[in-house]
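Fold and geometry: a report
The residues making up each chain are set out below.
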Amino acid sequence: MTPRQIIGQIGLWLSVFVIVSPAILFFLWMLSLSLKFEVDNAAYPPVFFPDRIAWKNYADVLASNRFLTYFTNSLIVTGSATLLALLVGVPAGYGIARMAAHKSAIVILIARITPGLSYLIPLFLLFQWLGLLGTLVPQIIIHLVVTVPIVIWIMIGYFETTPMELEEAALIDGAGRWQVFRHVALPIAKPGIAVAFILAVIFSWNNFVFGIVLAGRETRTLPVAVYNMISFDQLSWGPLAAAALIVTFPVLLLTVLAQRQIVAGLTAGAVKGG
């Protein structure tokens, strides 16, 4: 490597370190809080590496009577919202891309960038009128406001970069448009679908506002449950940090396991001809 290339590599890694280090530091500090007793968490100067590990923080969270209920609620809401978004968003993205419906794409973009709070009040009144407040149904429906635009927007960009030759050959051979979509377009679009799936899961799983407004005592999701651990009388940083890490772990694990598919999906447009 030439000196210029070496300097460029050093500069690149230094830039990556500067950008990523705050997030890593916050994550490690939260991990430290979750493994310390309250005496160490309140100590000054702060203690990063405790002399004794407080596994009790995790045990207390996992042993909570409602933790399994909240975890199940999160799985149901996120799983349902993601699957419904894929069922609607993948065909919609394909249709918009193939018809070059740019106005429809703009509408999807507007829906994607519009804050969720804009939909919350009218939908809250609707669910209240229908008597659905406090159940999982309104949470699943309102999460579609987040997941469907994400899936459609990603799939539009992906299908626009996939080659048309295979689809045209299938049409010439007598295949219908639905057969072309099912047997030709979908297999090619697997990396894009994986990216849409991961992002929809992340946005749905981490959503807090919808759950705190629409959920009842038995239908809260994990982010809302962690928030409810904060009180004015007593704030236990150890269990709170442990609960936050437990909430983060499923999404983090899913992202790590699917990182190859995510990279393939995000870079597909750069290596395929439009």
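Residues numbered from 1 in each chain as written. Predicted model: local features only at pLDDT ≥ 70, side-chain atom pairs only at ≥ 80, totals over all residues. Heavy atoms only, no water.

**Section: the packing of helix H4 (residues 67-99) against helix H9 (residues 177-188)**
Between H4 and H9, whose axes approach to 12 Å, the crossing angle comes to 105°. In terms of orientation, H4 lies roughly perpendicular with respect to H9. Within the contact between the two elements, H4 uses Val90, Pro91 and Tyr94 and H9 uses Arg177, Val180, Phe181, Ala185 and Leu186. Broken down by class, the residue content of the contact of H4 with H9 amounts to seven nonpolar, no polar and one charged. (Axes fitted to C-alpha atoms, helices over the stretch in contact; angles between N-to-C directions. Helix = DSSP H or I, 4+ residues; strand = E, 2+ residues; numbered from the N terminus. Parallel < 35°, antiparallel > 145°, perpendicular 65-115°, else oblique. Contact = heavy atoms within 4.5 Å. Nonpolar A, V, L, I, M, F, W, Y, C, P; charged D, E, K, R; others polar.)

**Focus: a nonpolar patch on the surface**
Judged by side-chain polarity, Leu12, Trp13, Val16, Ile19, Val20, Ile24, Phe27, Leu28, Leu31, Leu252 and Val256 come together as a nonpolar surface patch covering roughly 980 Å² of accessible area. Elements represented by at least two residues in the nonpolar patch include exactly helix H1 (3-34) and helix H13 (237-257). When residues in the nonpolar patch are grouped by element, the largest group, nine residues, is from H1. Structurally, leucine 12 can be placed in helix H1. Under the relative-accessibility criterion, leucine 12 is labelled partly exposed at 46%. (Patch = residues over 30% accessible without salt bridge, like charges linked within 9 Å, V, L, I, M, F, W, Y side chains within 5 Å. Areas by Shrake-Rupley, 256 points an atom, 1.4 Å probe, with all protein chains shown as cover. Salt bridge = Lys/Arg side-chain N within 4 Å of Asp/Glu carboxyl O. Buried < 20%, exposed > 50% of the residue type's maximum accessible area, 1.4 Å probe, protein only.)

**Some thoughts on helix H7 (residues 137-159)**
In this model, H7 (23 residues) spans 31 Å end to end at C-alpha, consistent with the 33 Å of a helix rising 1.5 Å per residue. Of all the bends in H7, the largest measures some 35° and sits at valine 145, one to four residues before the proline proline 149. Of all 23 residues in H7, 17 are buried, a share of seventy percent or more. (Expected span 1.5 Å × (residues − 1). Bend = angle between axes of the 7 residues up to and from the residue.)

**Some points on the packing of aromatic side chains**
Here the structure, examined in full by the defined rule, presents six aromatic pairs. Ring geometry for tryptophan 29 versus phenylalanine 48: centroids 5.6 Å apart, planes at 25°, classification stacked. Taken as a pair, tryptophan 29 in helix H1 and phenylalanine 48 in the loop between helix H2 (38-41) and helix H3 (56-62) lie far apart in primary sequence, 19 residues in all. Given the relative accessible area of 32%, tryptophan 29 is considered partly exposed. Owing to a relative accessible area of 29%, phenylalanine 48 belongs among the partly exposed residues under this scheme. Taking 5.1 Å as the distance between ring centres and 80° as the angle between the ring planes, the aromatic pair formed by tyrosine 94 and phenylalanine 159 counts as edge-to-face. (Phe/Tyr/Trp six-rings, centres within 6.5 Å; stacked < 30°, edge-to-face > 60°.)

**As for the nonpolar core**
Counting residues in hydrophobic clusters, the biggest one holds 33 residues, and the most contacted among them are Val90, Val151, Met155 and Phe159. Going through the elements one at a time, H4, helix H5 (102-113), helix H6 (117-130), H7, H9, helix H10 (190-205) and helix H11 (209-214) are the ones with two or more residues in this core. When residues in this core are grouped by element, the largest group, 11 residues, is from H7. Residues in contact with valine 90, not counting those within four places in the same chain, are Ala85, Val151, Met155, Phe159, Phe181, Leu186 and Ile193. (Core = buried A, V, L, I, M, F, W, Y, C linked by side-chain atoms within 4.5 Å.)

**Let's talk about the UniProt feature "transmembrane region" (unreviewed entry) in the protein**
Mapped onto this numbering, the UniProt entry gives "transmembrane region" (unreviewed entry) at residues 12-31, 75-97, 109-130, 136-159, 192-215 and 235-257. Between the end C-alpha atoms of residues 12-31 the distance is 28 Å, and the span holds 100% helix and 0% strand. Taken end to end, residues 136-159 is 96% helix and 0% strand, and its two terminal C-alpha atoms sit 33 Å from one another. (UniProt positions renumbered as here; feature names shortened; annotations may be inferred.)

**Focus: the packing of H7 against H10**
Where H7 contacts H10, the two axes come as close as 9 Å, and the packing angle between them is 155°. In this view, H7 runs roughly antiparallel relative to H10, as classed from their interaxial angle. You can see that H7 and H10 cross each other, and the crossing is right-handed. Residues His143, Val146, Thr147, Ile150, Val151, Ile154, Met155 and Tyr158 of H7 form the contact with H10, whose participating residues are Pro191, Gly192, Ile193, Val195, Ala196, Leu199, Ala200, Phe203 and Ser204. Along the lines of polarity and charge, the residues of the contact of H7 with H10 split into 13 nonpolar, four polar and no charged. (Left-handed = near helix turned anticlockwise from the far one by under 90°.)

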